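The residues making up each chain are set out below.
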Number of protein chains: 2
Amino acid sequence: MHKITPIAHIYTDFHSKFGVPRQHGIGELMGKIVFEKPFRDINMLRGLEKFSHIWLLWIFSENINAGYSATVRPPRLGGNKRRGVFATRAPFRPNSIGMSAVKIEEIIFECEESPIIIVSGVDMVNKTPIIDIKPYIKTDIINSATFPNIIHKLNVEIEESLLCKVPADKQSALIKILEEDPRPSYHKDGRQYGFYFAGMEIIFTVDCDTLRVIDVINI
Amino acid sequence: MHKITPIAHIYTDFHSKFGVPRQHGIGELMGKIVFEKPFRDINMLRGLEKFSHIWLLWIFSENINAGYSATVRPPRLGGNKRRGVFATRAPFRPNSIGMSAVKIEEIIFECEESPIIIVSGVDMVNKTPIIDIKPYIKTDIINSATFPNIIHKLNVEIEESLLCKVPADKQSALIKILEEDPRPSYHKDGRQYGFYFAGMEIIFTVDCDTLRVIDVINI
């Protein structure tokens, strides 16, 4: 048994876990990393500006008491195939640690809570505890790697009148989130879903492979 | 505070931390992952054979009580420049978690301790506790990433009579380990060093940028 402690928290546009993208890398999704007091030290980041990307190790804090099972149904495989928990990046796992590669947009050294790291490509719920930051290095790029195809993607329909309620710099990210099917694994076509994103509630239904946004509510 | 527990241990050719490569990816270096009893379940790996590589999250078990400091001197930068701990992959960090991408060579489903995963490209000392296994997926490849150049590399000289004492399938890996300069950060040219690798003790000296192997002892 080994004890770990948060070094920072990340602030994102996702105020509940429903709707958080399945993976890192959606470039428009920003996060602000604020360090806990004992780690609020610019020396700890010295040289980080020479790297474009970092790995964040973090805690699936919303799932931590939910336990795990040996197999899961990955939503990106359509939600109907069972896979071993160690053959997926699913959040319910024996040690609830997540891992995301994100882009460094800015390191702010001079402000009240400094240092702060602004990153893009996040896939974490707001206030997720961060337990480690490591630079993304050359040996992390494995171009020879192979993996199964992600077959499950939805067509997204959203009327212009609803889309224009979403800030211009969040529209593309929202569509990418919806394409990846934010529903839980057990699909119930026809049901109405909603999730919170960047101060809005996004309401949608899914019919076969088409997701239709039916309302965007400012909250 | 969050508690984590080993799910497995990895068996490698490194019986002490001195000499362990600085990074994952030296293809000839093999490891055998054996699961702890509660996680010794082939269902947990179902579908993993569809991936070529996995991430291992693990504990720097040899350093765990050594604490950390805000800055370190990365050996791959020559050992003379200080960098913030979060700008390096150094082992002495607030939460002692390591992260390595390794190649799946074989998954053995039928043996006494099964399932067992044989991997290559390891950078862990023998019996390192593993805390998570995640498939290496497409979004982990960031070809646009940039990083500082690794400037420090040694020329390795080893006489034929010594090299032939090393098993053929370990020779290339040994030379790669030596090129990366296995010495601690504080260089003392001229001193004699030794480390254990694959049942041998490798004795060497370093003079400027040249590492000379002076003995290989079977132990």
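About the thresholds
- Residues numbered from 1 in each chain as written.
- Chains lettered and ligands numbered in written order.
- Predicted model: local features only at pLDDT ≥ 70, side-chain atom pairs only at ≥ 80, totals over all residues.
- Heavy atoms only, no water.
- Phe/Tyr/Trp six-rings, centres within 6.5 Å; stacked < 30°, edge-to-face > 60°.
- Buried < 20%, exposed > 50% of the residue type's maximum accessible area, 1.4 Å probe, protein only.
- Helix = DSSP H or I, 4+ residues; strand = E, 2+ residues; numbered from the N terminus.
- Arc of directions from axis to C-beta.
- Contact = heavy atoms within 4.5 Å.
- Pairing = 2+ DSSP bridges.
- Domains from an automatic or database assignment.
- Buried area = accessible area lost by both parts, 1.4 Å probe.
- Salt bridge = Lys/Arg side-chain N within 4 Å of Asp/Glu carboxyl O.
- Nonpolar A, V, L, I, M, F, W, Y, C, P; charged D, E, K, R; others polar.
- Polar contact = N/O pair within 3.5 Å; in protein donor to acceptor, adjacent residues only side chain to side chain.
- Patch = residues over 30% accessible without salt bridge, like charges linked within 9 Å, V, L, I, M, F, W, Y side chains within 5 Å.
- Areas by Shrake-Rupley, 256 points an atom, 1.4 Å probe, with all protein chains shown as cover.
- Axes fitted to C-alpha atoms, helices over the stretch in contact; angles between N-to-C directions.

1. Description of the packing of aromatic side chains
Residues and elements named next belong to chain A.
Okay, so step 1: Counted by the stated rule, this structure contains 19 aromatic pairs over all chains.
Okay, so step 2: Residues F195 and F204 carry aromatic rings whose centres are separated by 6.1 Å and whose planes lie at 75° to one another, so their mutual orientation is edge-to-face.
Okay, so step 3: With relative accessibility at 0%, the residue F195 sits in the buried group.
Okay, so step 4: In textbook terms, an aromatic cluster arises when at least three aromatic residues are bridged by ring pairs, as seen for F18, Y193, F195 and F204.

2. Considering helix α2 (residues 168–179) of chain B
Residue and element names in this part refer to chain B.
Okay, so step 1: For α2, the set of buried residues is K170, A173, L174, I177 and L178. Down the axis of α2, the buried side of the element spans an arc of 140°, and every buried residue falls inside it.
Okay, so step 2: Summarising the contacts, the buried residues of α2 are in contact with β10 (155–157), β11 (192–197), β12 (200–207) and β13 (210–218).
Okay, so step 3: At the C-terminal side of α2, D181 shows a positive phi close to 65°.

3. Observations regarding the pairing of β12(B)
Residue and element names in this part refer to chain B.
Okay, so step 1: Where burial is concerned, most of β12 is hidden: seven out of the eight residues are buried.
Okay, so step 2: As paired strands, β11 and β12 are joined by six bridges and run antiparallel to one another. Paired with Y193 across the two strands is F204, which belongs to β12.
Okay, so step 3: Counting the residues between successive antiparallel strands, the hairpin from β11 to β12 contains two residues, one of them, A198, with a positive phi of roughly 55°.

4. Observations concerning the domain arrangement of chain A
All names here are of chain A.
Okay, so step 1: The assigned domain composition of chain A is domain 1 (8–140) and domain 2 (155–218).
Okay, so step 2: Averaged C-alpha coordinates put domain 1 and domain 2 at centres separated by 23 Å.
Okay, so step 3: Across the interface of domain 1 and domain 2, roughly 1600 Å² is buried in total on both sides, 53% from carbon and sulfur atoms.
Okay, so step 4: Per-residue buried area on domain 1 facing domain 2 is highest for D13, F18 and E28; these three make up 37% of the total on that side.
Okay, so step 5: Our enumeration of links across domain 1 and domain 2 arrives at two salt bridges.
Okay, so step 6: Among the salt bridges present, the one from D13 reaches K170, with a minimum N-O distance of 2.5 Å.
Okay, so step 7: Looking at side-chain class alone, the side of domain 1 that touches domain 2 contains six nonpolar, six polar and six charged residues.

5. Observations concerning unusual backbone geometry
Okay, so step 1: A cis amide bond, omega 0°, links A:S114 with the succeeding residue A:P115.
Okay, so step 2: Here A:P115 is to be found in the loop between β7 (97–108) and β8 (116–120).
Okay, so step 3: Phi is positive for A:A198, which is not a glycine, with a value near 55°.
Okay, so step 4: Among the secondary structure elements, A:A198 is positioned in the loop between β11 (192–197) and β12 (200–207).
Okay, so step 5: For A:A198, a relative accessible area of 21% puts it in the partly exposed group.
Okay, so step 6: A positive phi angle, close to 55°, is found at B:C208, a residue other than glycine.
Okay, so step 7: Considering the arrangement of structural elements, one finds B:C208 in the loop between β12 and β13.

6. Some points on the interface of chain A and chain B
Okay, so step 1: Contact residues are listed per partner, giving 64 residues for chain A and 64 residues for chain B.
Okay, so step 2: Where chain A abuts chain B, roughly 6100 Å² becomes buried across the two surfaces, and 64% of that area is made up of carbon and sulfur atoms.
Okay, so step 3: Looking at the side of chain A facing chain B, the largest losses of area belong to A:H2, A:F86 and A:N95, adding up to 13% of the total buried there.
Okay, so step 4: Applying the counting rule to chain A against chain B returns four salt bridges.
Okay, so step 5: The interface formed by chain A and chain B includes 33 residue pairs in polar contact (both at pLDDT 80 or more).
Okay, so step 6: Listing elements by their share of the side of chain A that touches chain B, those giving two or more residues are β1 (2–4), β4 (53–59), β6 (83–84), β7 and β9 (128–135) of chain A.
Okay, so step 7: In terms of residues, the side of chain A that touches chain B owes the most to one element, β9(A), which gives five residues.
Okay, so step 8: By residue class, the composition of the side of chain A that touches chain B is 34 nonpolar, 18 polar and twelve charged.
Okay, so step 9: When β1(A) meets strand β1 (residues 2–4) of chain B, the two strands line up antiparallel, connected through three bridges. Residue pairing across strands places A:I4 opposite B:H2, the latter belonging to β1(B).

7. Structural notes on a nonpolar patch on the surface
Okay, so step 1: Residues A:Y196, A:I217 and A:I219 make up a contiguous nonpolar surface patch of about 280 Å² in total accessible area.
Okay, so step 2: Of note, A:I219 is situated in the segment after β13 (210–218).

8. A few points about the sheet that holds strand β2 (residues 8–11) of chain A
All names here are of chain A.
Okay, so step 1: Strand order in the closed barrel made by the six strands is β2-β3-β8-β7-β4-β9, with antiparallel pairing throughout. Here the strands of the sheet are splayed against their neighbours by 45° on average, with no regard to which way each runs.
Okay, so step 2: Summarising the sheet, β2 and strand β3 (residues 30–35) pair through four bridges and their orientation is antiparallel. Bridge assignment links I10 to a residue of β3, and that residue is I33.

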